[in-house]
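Secondary and tertiary structure notes
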Amino acid sequence: MTTEIRKQRQLKYIDTNGFGAAQGGRGYHFPVDFAVRKDGLIFVLSRSGQGSLAGTGISVTDIDHNWHGEFSGYGTGDGEMQWGTAIAIDSSDRLFLADEKMQRITIFDSENNYVSHWGTAGSGPNEFDGPSGLAFDANGNLLVVDHKNHRIQRYTVDGEYIDSFGSEGSAKGQFNYPWGITTASDGRIYVADWRNDRIQRFEEDGVFIDAHGESGDGDGQFNRPSSVAVDDDGFIYVADWQNQRVQVFDKDWNFQTIVLGEAGLSPWAADYINANKDEKIAREVFNPYPKLDVDEPYEVSARTEPYFWVPVAVTTYGDDRLLVLETARHRFQIFEIV
Amino acid sequence: MATATNIGTELDLIAHLLRRTGFGSTPGELEEAGELGYEGTLDQLFNPGDADPLPVDLIRRYHADHNDLRIPPSSGSFWMYRLVTTKTPFEEKIALFWHRVFATGQTKVIQGKVMISQIDMFRKYGLGSFRELLIQLSKDPAMILWLDNQDNHKDNINENYGREILELFAMGVGNYTEDDVKECARAFTGWTIANMPYMSTKMRNNTLRPYGYIAWQFEYDESDHDDGEKTFLGETGNFTGEDVIDIICKNPATPQFIARHLYHHFVADELPVPQWPFEGPKDPEAIQLMVDAYFANDYSIGAMLRAMFESDIFKSETKRFARIKSPAEVVVGTLRLAGDFDWPTDDVYKATAACNYMGQQLLGPTSVEGWMGGDDWISTGSMVQRINFASDTIGDPDKRGVKAIVSRIADRHPSGNVEPEALVEDCLGLVGRLRVEDGTLNGLLAFVREQGDVDPSTEDGAGKITSLLQLIVSTREYQLA
Amino acid sequence: MAEQREKVLVIVQLSGGNDYLNCVVPWEDPMYQDVRSGVRITEEDVIPLDNGLGLNPGMGAFKELYDQDRVAIIHGIGYPTPSRSHFRSMDIWHTATPDRVGDEGWLGQAVRQLDPTGSNVVTAVNFGNGLPRALAAPGVPVASVGNLDDYGLLTGMSGAEQREKALTAFSRIYTPGVGSGMVMDYLGKTGLDALKGADILKQAPKMYESTVEYPDNPIAKALKGVAQVHFADLGTRVFYTTSGGWDTHTNELSLQRGLWEEVSTGLRAFYQDLEEHDLGPEVTILVFSEFGRRVKDNGNGTDHGSGGVSFVIGDSVKGGHYSEYPSLDVGRLMEGDLQYNFDFRGLYTDLLEDWLGLDAQEIVGGNFEKISPFAVAV
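Residues numbered from 1 in each chain as written. Chains lettered and ligands numbered in written order. Predicted model: local features only at pLDDT ≥ 70, side-chain atom pairs only at ≥ 80, totals over all residues. Heavy atoms only, no water.

1. A closer look at the overall build of chain C
Tallying secondary structure elements over chain C gives 11 helices and 12 strands in all. For 378 residues, the compact-globule estimate of 2.2 N^0.38 gives 21 Å, and the C-alpha radius of gyration of chain C, at 22 Å, lies within 12% of that figure. Principal-axis analysis of the C-alpha atoms places the extent of chain C at approximately 75 × 45 × 40 Å. When burial is assessed residue by residue, chain C has 61% of its 378 residues classed as buried. Here the analysis covers contacts within chain C between residues at least 6 apart in sequence; of these, 72% occur between residues at least 24 apart. For chain C, the accessible area works out to roughly 14,000 Å², and carbon and sulfur atoms hold 48% of it. Charge centroids of chain C, computed over 30 positive and 53 negative side chains, lie 5 Å from each other. (Helix = DSSP H or I, 4+ residues; strand = E, 2+ residues; numbered from the N terminus. Rg over C-alpha atoms; globule rule 2.2 N^0.38 Å. Buried < 20%, exposed > 50% of the residue type's maximum accessible area, 1.4 Å probe, protein only. Contact = heavy atoms within 4.5 Å. Areas by Shrake-Rupley, 256 points an atom, 1.4 Å probe, with all protein chains shown as cover. Lys, Arg positive; Asp, Glu negative; His and termini not counted. Charge placed at Lys NZ, Arg CZ, Asp CG, Glu CD.)

Quick look at the structure:
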């Protein structure tokens, strides 16, 4: 076939939500995952870092930049976290949080109150070593990316073990430190097979369908993909983590487009700039896209504020928005799917 | 017996080399180097293979804060991983050397990302031509803002960088005039960074907001460069920064100054730098050797060091254990010995903090003069930190490096119990051939005797050996390199 | 009655930049209400003081100390050409040298004057890890205590008995031998001094008896350690403690209130403890932070500014307001910050000369106007 595949999907930048909040409060600090609830609230998991543990927690915002507070925080107690990796929300609005250090899944109710937690460290069935991605399958069961065991575990929402699939390796259906996971509306499961530089697709029951991607920085190639999202039409969005970009594919893996990000000032960021007149004045002559003498994507993004810097997670919002969360810039960019 | 002594002698010499070009040696590293011999080891040091440290993607996945390297615990720990896990520690020793001489501090430049880039630059250019290194340094964004060269304008010079490149980085006090400083500064006008007003304001306000720091990018602003005639160190011309560096590099004071720094870092503790203009080098012959190598090899730093390491001066007994270890050497050497950081761990922050508590905040020297070194490292507070960090780090018999030591001792004594003398000798040998005074040796022996029989093949024996190792890394001799 | 002891100085450092405006609050000032539209201590929350000022709602226990006439509020404290960098500004406070990078800490120099030969290795005790630059001076021994209960050498040794044996061996192997050379001798002496300091300090918790319950937070724990060492009469003259987390760019109202609750209740417990042991008169406390914060809030917090507030607390202190609250008038701000009106080196001079009885001029680098917070010539 030599017919050119029609590019059916593009991403158009529309907005930025975020602010660097090392001590908690309005904004995020090294966010690593987010989830959209059916009422439109957006929950952002800030992993923060050793020097600023107060920035650890789950923040609640919405598409219009309203701030609805935060909950959880650094610690080992009930409802606290150490190394949070992922969040997912079930059909009854309960929020599930994975913690790869404490090896547990914590559940919060729809009012953000702690409900319970479960999890056993290990490599046997019903055990995990480093839960990272979380998603619910078509039946409402919880899929846990058990990344250091290189497999996907399935549990009931109450933590009862059901089954698992995958093993360590690079063959079909095998994983190398997988990270993000999502379930498409057709029930298929997509996994960001992080260190194999590919996305794998499985049937609901864990049967391998296909894998796409190879190491590299060309179209359709990946460098440590961390997250994947699928819209209702089956288009696939991949956070190409170490290439500092998001790639879009159709359901047959035909390459659609790449976006690098073009963030502007969020209202929270604008408040900050307005409160600091010297920075406001200096920013008026600021060129966001300076001429660079580096080409490694990480270094380019470090020097270019609008670009994604460590795009860690992607999620759809409604039927025509894609949100891209950036760990190193404490924000998410909002794109219109066109 | 004679053969064994000879092997021992060469191994002692190799261990000496590895203390200076690295962070001491694990038993495995010393065995490998022993097979290569002294010359072979030197060849390998100067033609290293892959550093193969703990991969950056893993580090960034587990430490979210290592993605922007913003604050000192993050940037310092990011370097700490490499220091501890690299297979080519000489590169890191060189980077630490230039970090000390060209001391730039996160305390002022605030964002650690540009500091890590500066260290990368030292790693890449640190053994090459001094001329190229000075050019890279003068273009280094962290250095530019550290010494205010962004404020060094055609019509209003700021002398800071122009002065320090002469005084602290290349020549030393007494080898240039105040006029030279001004002319030097003029040559570097226009060497700035992109988006200077916004970047310097963010630095001044010490703020990550709104979206974290934006790493700096060197920019040459030709319109702000003073291309008028300058007279510098006796030469006259329309000098650029590169021209000035050429003149600096061919001046005999320059290799003298750099050689003395190299001596201080790699051979034996020298006087603190501020005393250099008044007191000559401890070992003028060693300095001359390196100066000759510099001019004979296109200003090559590597050639200076190689000539030094091949000389009898370096190999002599008097140079063994003739330096007080820097905190980084204590911390990194002990972690390497214990076999730590095979996988990302929060312990990396403790190691970085320990180094700081001992008086050396990686990427954060308190001033442009860097760390003095020598007995300046030693105070009651820093001794508590040194002893507790080292003994704590080595105190886990389940660690890979500790296991390796215990298993070697077990292999050497298949019959079980090890005599105290043999045990102490083995352990001193296995921590990188540490040589101790009689008083220390007797103290260690007394400690072992009190422990009762030691069978290295048992858990009890491993525990006792671990205790002995803890005491060994607490000795005065362990503070020396 | 306890015997008369030598005077001691306790430092409480608030790291990160305590927001002056929301600490000692000009809550009635319309300009305050205007500039702090988003991050304001309201009339309902403020603890009214006097002079139209109030305290942060977290400072209830602090207010009790104020009502006891023990607290001097030093308004508008700062230094010329303020730095908005945490590191640099803190370094300036630590070395009392705003114009260049200082070599020695102000308290390190004070300790050297107090004990020129370094004969008492615990003249200065820092509660925390590492050495604050304020205490750093060549040849001046300082004990840095993370946790007084397990402070010492070879703490990683498993088993108490094993550790005792190792410590015995340690003191033996650190005793300089004949002809060891200068470096080995110096290492030996320093190591043994460190051991001696640990041996001295570990007596303090054993001797300590008190009915006072300290709150469970890091600064209160450090202050309890100060009390323990002070009561043990080990000759310590300078104590250093640090409270972190004051960098309230976001979430300020909740963060600052919580931090002040920790510090205030810690200080109250400390004073109860001093009273119970009748050892209060010998103690003066300095509470300081590296800078105040921007006058205008950023919607959820405040950013780095200049001009701040310090407190001097003690039985010998004459409570009340010192210096003046800087104007919030836009025309009198300096780059959007409060204009400082009192140089902190003047306050250091008060503490060094009138409290510790030392020569301040050399330490602070000149003559600075004092503020005289002490009730009588002390």
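Past the structure itself, the notes keep going.
2. Thoughts on the overall build of chain A
Looking only at helices and strands, one finds three helices and 24 strands in chain A. The C-alpha atoms of chain A give 19 Å as radius of gyration, which agrees with the globular expectation for 338 residues (20 Å, within 12%). Considered along the principal axes of its C-alpha atoms, chain A spans approximately 60 × 60 × 35 Å. With 338 residues in all, chain A has 62% of them scored as buried. Contacts in chain A between residues at least 24 apart in sequence constitute 48% of all its contacts with a sequence separation of at least 6. Element-wise, carbon and sulfur atoms account for 43% of the exposed surface of chain A, whose accessible area totals about 12,200 Å². Positive and negative side-chain charges in chain A, numbering 30 and 53 respectively, have mean positions lying 4 Å apart.

3. Overview of the interface of chain B and chain A
Contacts between chain B and chain A engage 41 residues on the former and 58 residues on the latter. In this assembly, chain B packs against chain A so that about 4,100 Å² is buried in total across both faces, 55% of it on carbon and sulfur atoms. By the criterion of area lost to chain A, the three top residues of chain B are Arg 61, Tyr 198 and Tyr 211 of chain B, representing 22% of everything that side buries. At the boundary of chain B and chain A, one finds five salt bridges. Arg 195 of chain A is the partner of Asp 57 of chain B in a salt bridge, and the nearest nitrogen-oxygen pair spans 2.9 Å. (Buried area = accessible area lost by both parts, 1.4 Å probe. Salt bridge = Lys/Arg side-chain N within 4 Å of Asp/Glu carboxyl O.)

4. Some details on the packing of helix α4 (residues 72-85) of chain B against helix α5 (residues 89-101) of chain B
Residues and elements named next belong to chain B. Across the interface, α4 lies against α5 with an axial gap of 9 Å and an inter-helix angle of 140°. As the angle between them shows, α4 and α5 are arranged oblique. Touching Trp 79, Arg 82 and Leu 83 of α4 are Glu 91, Glu 92, Ala 95, Leu 96 and His 99, all from α5. Taken together, the residues that form the contact of α4 with α5 break down as four nonpolar, one polar and three charged. (Axes fitted to C-alpha atoms, helices over the stretch in contact; angles between N-to-C directions. Parallel < 35°, antiparallel > 145°, perpendicular 65-115°, else oblique. Nonpolar A, V, L, I, M, F, W, Y, C, P; charged D, E, K, R; others polar.)

5. Some points on the confidence of the model for chain C
Of the residues in chain C, 98% reach a pLDDT of 70 or more, and the chain-wide mean stands at 94. ipTM for the predicted complex: 0.96, alongside a pTM of 0.94. (pLDDT = per-residue confidence, 0-100.)

6. Digging into a negative patch on the surface
Residues Glu 28, Glu 43, Glu 44 and Asp 45 of chain C make up a contiguous surface patch of negative charge. Following the sequence through the fold, Asp 45 of chain C ends up in the loop between α1 (30-35) and β3 (47-48). (Patch = residues over 30% accessible without salt bridge, like charges linked within 9 Å, V, L, I, M, F, W, Y side chains within 5 Å.)

7. Some remarks on the packing of aromatic side chains
Enumeration over the complete set of coordinates arrives at 66 aromatic pairs over all chains. Taking 5.4 Å as the distance between ring centres and 35° as the angle between the ring planes, the aromatic pair formed by Tyr 177 of chain A and Trp 343 of chain B counts as tilted. One end of the pair, Tyr 177 of chain A, is in the loop between β13 (161-165) and β14 (181-183); the other, Trp 343 of chain B, is in the loop between α18 (327-338) and α19 (347-357), on a second chain. The class of Tyr 177 of chain A is buried, set by a relative accessible area of 15%. Exposure remark for Trp 343 of chain B: the relative accessible area of 25% places this residue in the partly exposed category. Between Phe 97 of chain B and Phe 266 of chain B, the ring centres sit 5.7 Å apart and the planes meet at 50°, which makes this aromatic pair tilted. (Phe/Tyr/Trp six-rings, centres within 6.5 Å; stacked < 30°, edge-to-face > 60°.)

8. Overview of the nonpolar core
Core analysis: the largest hydrophobic core is formed by 152 residues, its most contacted members being Met 80, Trp 98, Phe 102 and Phe 130 of chain B. Leave out the neighbours within four places in its chain, and Phe 102 of chain B touches Phe 122, Phe 130, Leu 133, Leu 134, Leu 137, Met 143 and Phe 169 of chain B. Core analysis: the second largest hydrophobic core is formed by 121 residues, Val 384 and Ile 405 of chain B together with Tyr 20 and Leu 259 of chain C among them. (Core = buried A, V, L, I, M, F, W, Y, C linked by side-chain atoms within 4.5 Å.)

9. Overview of the interface of chain C and chain A
Listed by partner, the interface residues are 14 residues for chain C and 15 residues for chain A. Across the chain C/chain A interface, buried area totals approximately 1,100 Å², and carbon plus sulfur atoms make up 46% of it. Seen at the junction of chain C and chain A, the total is two salt bridges. Taking the shortest distance from any N to any O, the salt bridge between Asp 278 of chain A and Arg 294 of chain C comes out at 2.8 Å. Our enumeration of links across chain C and chain A arrives at eight residue pairs in polar contact (both at pLDDT 80 or more). Its residues assigned to classes, the side of chain C that touches chain A shows two nonpolar, six polar and six charged. (Polar contact = N/O pair within 3.5 Å; in protein donor to acceptor, adjacent residues only side chain to side chain.)

10. A closer look at unusual backbone geometry
Most peptide bonds take the trans form, and the phi angle of most residues other than glycine is negative. In this structure, the amide linkage connecting Arg 209 of chain B to the following residue, Pro 210 of chain B, adopts the cis form with an omega of 0°. As for its placement among the helices and strands, Pro 210 of chain B is situated in the loop between α12 (196-205) and β2 (218-220). The backbone of Leu 69 of chain B sits at a positive phi, close to 55°, despite the residue not being glycine. By the element assignment, Leu 69 of chain B lies in the loop between α3 (56-62) and α4. Its relative accessible area of 1% is what places Leu 69 of chain B among the buried residues. Look at Glu 335 of chain C: it is not a glycine, yet its phi comes out positive at around 50°.

11. What to know about the pairing of strand β3 (residues 42-46) of chain A
Residue and element names in this part refer to chain A. Of all five residues making up β3, five are buried, and the element is well covered by its neighbours. Relative to β3, strand β2 (residues 31-36) runs antiparallel, the two being bridged by five bridges. Counted as the bridge partner of Phe 34 is Val 44 from β3. Hairpin remark: β2 followed by β3, antiparallel, with five residues in the connecting loop; positive phi at Gly 40, about 95°. Inspection of the sheet shows β3 paired to strand β4 (residues 57-61) by five bridges, in the antiparallel sense. Among the inter-strand pairings, Val 44 is bridged to a residue of β4, identified as Ser 59. (Pairing = 2+ DSSP bridges.)

12. Topic: the pattern of salt bridges
Tallied over the entire structure, the rule returns 82 salt bridges over all chains. As a salt-bridge pair, Asp 12 of chain B and Arg 433 of chain B come within 2.6 Å of each other at their nearest N and O atoms. Taken together, the positions of Asp 12 of chain B in helix α1 (residues 2-21) and Arg 433 of chain B in the loop between α22 (420-430) and α23 (438-451) put the pair 421 residues apart, joining distant regions of the chain. Note on Arg 433 of chain B: relative accessible area 25%, which makes it partly exposed. A salt bridge links Glu 39 of chain B to Arg 306 of chain B, with the shortest nitrogen-to-oxygen separation between them at 3.7 Å. Here Glu 39 of chain B, found in helix α2 (residues 27-46), pairs with Arg 306 of chain B, found in helix α16 (residues 301-310); they are 267 residues apart in sequence, far enough to count as distant. Note on Glu 39 of chain B: relative accessible area 39%, which makes it partly exposed. Via salt bridges that share partners, Asp 278 of chain A, Arg 204 of chain B together with Arg 84, Arg 294, Glu 335 and Asp 337 of chain C belong to a single interconnected network.

13. Regarding the environment of Ala 282 of chain A
Tracing the backbone through its elements, the reader meets Ala 282 of chain A in helix α2 (residues 277-283). Residue classification places Ala 282 of chain A among the buried positions, given a relative accessible area of 6%. C-alpha separation for the pair Ala 282 of chain A and Tyr 272 of chain A, spaced 10 residues apart in sequence, amounts to 14 Å. Not counting the four nearest positions on each side in its chain, Ala 282 of chain A is found in contact with Pro 197, Tyr 198 and Thr 201 of chain B.

14. Considering the sheet that holds strand β9 (residues 114-118) of chain A
The strands making up a sheet associate through hydrogen bonds between their backbones, and the pairing can be parallel or antiparallel. Residue and element names in this part refer to chain A. Reading across the sheet, the four strands line up as β6-β7-β8-β9 and stay open at both edges, with antiparallel pairing between neighbours. Single-partner strands in this sheet number two, and they are β6 (84-89) and β9. Going across the sheet, the axis of each strand differs from the next one's by a mean of 20°, ignoring polarity.

15. A short note on the pairing of β13 of chain A
Residue and element names in this part refer to chain A. Pairing of strand β12 (residues 151-155) with β13 involves four bridges; the strand directions are antiparallel. For Tyr 155, the partnering residue across the bridge sits in β13 and is Tyr 161. Counting the residues between successive antiparallel strands, the hairpin from β12 to β13 contains five residues, one of them, Gly 159, with a positive phi of roughly 90°.

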